[in-house]
Amino acid sequence: MGDSAEIKKEKLNDLFNELIDKRIIISMNIVGTKFDRLTCITGITKDATGNHLIVDPPDDFAEAAAAKEKWHLRFNFNGPDHLEYIFSTKGGSLCKQGLKIPFPDHVERLQRRRDFRVDTLPDSKVHFQLNKIRGTLDMINISLGGFYGVLTKHNFKFIRGPIVKKDQQVHDISMVFPGIENNPGATVYVKRAEVKRIDYDKDNKFYRYAFEIIEIEKEERDILRLTIYDLQRYYLRRR
């Protein structure tokens, strides 16, 4: 398939057992609806009809799925190799253990890296510099590959339009995350990032910027990875 490969049914047990053991977060979408939630696979079971996955159901799943006679679910996740995996299932039922769905025929592994993006908490900030410009973003979401946020502060009073342009690089970046429950907050330092997209909100008259992380030390990337993991766990607990 060019940029993807299929993992056949006989190898799926190994893949799903690894997801269970490592408690890897997956995204679940009810096809044909806007329902999209983070969850995880908690077990594998077998009956007369074959193998089934047990998925931890979000609290509002039953209500969202009620309109569908037969569930059509689509899942995606970042595997242990940091590649994106996609699969879909049809059918299933709610049982005592959770959401019981049939094994897919195959899982598609995309031959490209895709960083799992997660929403940040209020008061998550990004401070950056470009020449004489110093700016602050209110972060909207974050991944290992980049960040997205609203420009809320800068030191150029009379500038019109976006203060940085697409493909420009900023430096001396600090991403400040508030604490989550009992975990203290973290600050991640990034050497360079590049503007990949600029969105303008006409109603509220502000700009949103999507940045790709270009240069970051390994130690800082490790802190960022743990922060993203904590955010995913936080949202799972609060469903």
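Details of the structure are given in the entry above.
Residues numbered from 1 in each chain as written. Predicted model: local features only at pLDDT ≥ 70, side-chain atom pairs only at ≥ 80, totals over all residues. Heavy atoms only, no water.

Novice: Would you mind going over the overall build of the protein with me for this structure?
Specialist: Tallying secondary structure elements over the protein gives three helices and 17 strands in all. Across its three principal axes, the protein shows a C-alpha extent of roughly 70 × 40 × 35 Å. Taking all 239 residues of the protein together, the buried fraction comes to 42%. Across the protein, every contact between residues at least 6 apart in sequence was considered, and the portion connecting residues at least 24 apart equals 58%. As displayed, the protein has an accessible area near 13700 Å², and 47% of this comes from carbon and sulfur atoms. Computed over 41 positive and 35 negative side-chain charges, the separation of the two mean positions in the protein equals 4 Å. (Helix = DSSP H or I, 4+ residues; strand = E, 2+ residues; numbered from the N terminus. Buried < 20%, exposed > 50% of the residue type's maximum accessible area, 1.4 Å probe, protein only. Contact = heavy atoms within 4.5 Å. Areas by Shrake-Rupley, 256 points an atom, 1.4 Å probe, with all protein chains shown as cover. Lys, Arg positive; Asp, Glu negative; His and termini not counted. Charge placed at Lys NZ, Arg CZ, Asp CG, Glu CD.)

Novice: So what exactly am I meant to see when it comes to unusual backbone geometry here?
Specialist: Note: most residues except glycine have negative phi, and most peptide bonds are trans. Of note, the phi angle at Arg23 is positive, near 50°, even though the residue is not glycine. Tracing the sequence through the fold places Arg23 in the loop between α1 (12-22) and β2 (26-30). Judged by relative accessible area, Arg23 falls into the partly exposed class, the value being 42%. The phi angle at Asp167 is positive, at roughly 75°, despite the residue not being glycine. Here Asp167 falls in the partly exposed class, since its relative accessible area comes to 46%.

Novice: Where do I start with the packing of aromatic side chains in this structure?
Specialist: For any pair of aromatic rings, the description consists of the separation of the ring centres together with the inter-plane angle of the planes. Overall, the coordinates contain twelve aromatic pairs when judged by the stated rule. Following the ring pairs from residue to residue traces out a cluster consisting of Phe16, Phe75, Phe77, Tyr85, Phe87 and Phe103. (Phe/Tyr/Trp six-rings, centres within 6.5 Å; stacked < 30°, edge-to-face > 60°.)

Novice: Explain the sheet that holds strand β9 (residues 98-102) to me, please; I cannot follow it from the model alone.
Specialist: Within a sheet, adjacent strands bond to each other through the backbone by hydrogen bonds, running parallel or antiparallel. Spatially, the four strands line up as an open sheet ordered β4-β5-β9-β8, and their pairing is antiparallel. With one partner strand each, in any of the chains shown, β4 (41-47) and β8 (93-95) form the two edges of the open sheet. Ignoring strand direction, the axes of neighbouring strands in this sheet form an average angle of 35°. Taken together, the three bridges between β8 and β9 define a ladder with antiparallel strand orientation. Across the sheet, the residue bridging to Cys95 is Gly98, located in β9. (Pairing = 2+ DSSP bridges. Axes fitted to C-alpha atoms, helices over the stretch in contact; angles between N-to-C directions.)

Novice: Help me out: how do you make sense of the pairing of strand β15 (residues 169-177) in this one?
Specialist: Summarising the sheet, strand β12 (residues 125-130) and β15 pair through four bridges and their orientation is antiparallel. Opposite His127, over in β15, you have Ser174 as the bridge partner.

Novice: What exactly am I supposed to notice about the pattern of salt bridges here?
Specialist: Two side chains that carry opposite charge are able to pair once their charged atoms sit near each other. Within this structure, the stated rule accounts for 14 salt bridges. In this structure, the salt-bridge partner of Arg37 is Asp60, at a minimum N-O distance of 2.6 Å. Here Asp60 lies in the loop between β5 (50-55) and α2 (61-65) and Arg37 lies in strand β3 (residues 36-39), a separation of 23 residues in the sequence. It is possible to trace a salt-bridge network through shared partners that takes in Lys191, Arg192, Glu215 and Glu217. (Salt bridge = Lys/Arg side-chain N within 4 Å of Asp/Glu carboxyl O.)

Novice: I keep staring at the environment of Ile198 and nothing clicks. Help me out?
Specialist: Within the secondary structure layout, Ile198 lies in strand β16 (residues 186-201). Taking relative accessible area as the criterion, Ile198 reaches 28% and is therefore assigned partly exposed. A sequence separation of 180 residues divides Ile198 from Glu18, and the C-alpha atoms of the two residues are 38 Å apart. In this view, Ile198 contacts Pro162, Val164, Lys165, Lys166, Tyr207, Arg208 and Tyr209; residues no more than four positions away in its chain are not counted.

Novice: In this structure, what is going on with the pairing of strand β13 (residues 133-142)? I would like to understand it.
Specialist: Remark: a regular strand shows side chains that alternate across the two faces of the sheet. A large share of β13 lies buried, amounting to seven of its ten residues. Where strand β11 (residues 118-119) meets β13, two bridges bridge the pair, whose relative direction is antiparallel. Within β13, the residue paired with Val118 across the bridge is Ile142. Where β12 and β13 come together, six bridges link them in antiparallel fashion. Paired with Val126 across the strands is Leu137, a residue of β13.

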